[in-house]
Amino acid sequence: MVAQLSMDRLQMLESLCQHWKGPMSLALYLSDAEAVQFQRYAEQSKTISVRKNVGFHIVYKDGSFYPVNFLRNTALDQVRQPYVFLTDIDFLPMTGLYEYLRKAVDTQNGGAKKALVVPAFETLRYRLSFPKTKTELISMLEKDELYTFRYHVWPRGHAPTDYNRWKTAAIPYKVRWALDFEPYVVVPSNVSRYDLRFVGFGWNKVAHIMELDAQGYEFFVLPNGFIIHMPHAPSLDIAKFRSSARYRKCLKALKHEYVEELVGKYKFSALKYKATN
C-alpha cells in the first residue's frame, strides 16, 4: 500500500494499521516540530509500534502548496514488492483486503498491463459499524448508511466503476477509461510516477490514470473488495480551489499543458484526451 498524509490525518493511522496487515509505504509532510511529535506518537502507539512492515518517509515542509504527487512518488519509490495498491490515507480497507488483493494479483497474466480497481465508498458518519462483507456493505448502501464515493459532488471520478454491476458481479469485469476517472488501483510497482506539476487540490490522480490509459493499461474492477472513505474536515487546498478563481484558472492551464504533452508522447492513443480537454 502506498499513501501520503500530513499531521491533520494522523488520526487515521491506527485504524489503517488495524484494517491492513500488509506492507505500507507512507510519506508524511511535516515540519521539524511535527516530525518529533510524530515519532513520539508512533513509539507510544501500541498498534503502530509493533508493526515491522510499515515504512514512514518524512518530507519536510517547504512552500505554499501541498506536494501531493511528490509525496506519492516518495512513498512509491520505497516499495520493494512487485505490486502496489495506490490509495489515500482517509480510506479504510475492508478486513482481509490485503490477502484478497494478493490472490487477485496471483491470477493475473504477468505480461498484461492491468490495473485492478478497488471500488470506493464513503460514509458521512464519524462512528461506523464497518461492514465485514460485500453483502453487509450493499445492505448499508440500501439504508443510506453508506454511499458510492463522491456521488454527490464528483460522480464522474468513479462512474466508470459501474457500481450497479459491481453489486452482482462474481468475477472481475473490464471497464473503459472515461474523462476524470480516478479509481484506486493495484498496479505493478514500476508503474509510471505521478506528475509533479499537480500540487494541492485537483487532477493529481486523474492525470496519472489518464497516462496509464494512454500506455494501454486495461482497468478491471474487483468484485469482492472495497474501501470506505472516512469523514474529516476539508483540507486547506480544497478551500483554495473553491475560493480562488485564479487557482482554478491555473489548474485549467496545467491540464491543457499536460494533455498536450501526453499527445506528444503517446501520439494517436492520446488524441482522445485532447478532444475532451
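Brief notes about the packing of aromatic side chains
The geometry of an aromatic ring pair is captured by the separation of the ring centres together with the interplanar angle, meaning the angle of the planes.
Part 1 of the argument: Taken as a whole and judged by the stated rule, the model has 16 aromatic pairs.
Part 2 of the argument: Relative to Phe149, the ring of Phe91 lies with its centre 4.9 Å away and its plane at 70°, an arrangement referred to as edge-to-face. Taken as a pair, Phe91 in strand β5 (residues 91-93) and Phe149 in the loop between β8 (147-148) and α7 (163-168) lie far apart in primary sequence, 58 residues in all.
Part 3 of the argument: For Phe91, a relative accessible area of 2% translates into the label buried.
Part 4 of the argument: Note on Phe149: relative accessible area 7%, which makes it buried.
Part 5 of the argument: Considering the side-chain rings of Phe130 and Phe226, the 6.5 Å spacing of their centres and the 25° angle between planes classify their relative orientation as stacked. With Phe130 in the loop between β7 (120-122) and α6 (134-142) and Phe226 in the loop between β11 (218-221) and β12 (227-229), this pair connects stretches of sequence that are 96 residues apart.
Part 6 of the argument: In this structure Phe130 comes out as buried when scored by relative accessible area, which is 15%.

Quick word on the pattern of salt bridges
Part 1 of the argument: Taken as a whole and assessed by the stated rule, the structure comprises 15 salt bridges.
Part 2 of the argument: For Arg150, the salt bridge goes to Glu122, with nearest N and O atoms at 3.1 Å. Of this pair, Arg150 sits in the loop between β8 and α7 while Glu122 sits in strand β7, and the two are 28 residues apart along the sequence.
Part 3 of the argument: We classify Arg150 as partly exposed; its relative accessible area is 26%.

Conventions and cut-offs
- Residues numbered from 1 in each chain as written.
- Predicted model: local features only at pLDDT ≥ 70, side-chain atom pairs only at ≥ 80, totals over all residues.
- Heavy atoms only, no water.
- Phe/Tyr/Trp six-rings, centres within 6.5 Å; stacked < 30°, edge-to-face > 60°.
- Helix = DSSP H or I, 4+ residues; strand = E, 2+ residues; numbered from the N terminus.
- Buried < 20%, exposed > 50% of the residue type's maximum accessible area, 1.4 Å probe, protein only.
- Salt bridge = Lys/Arg side-chain N within 4 Å of Asp/Glu carboxyl O.

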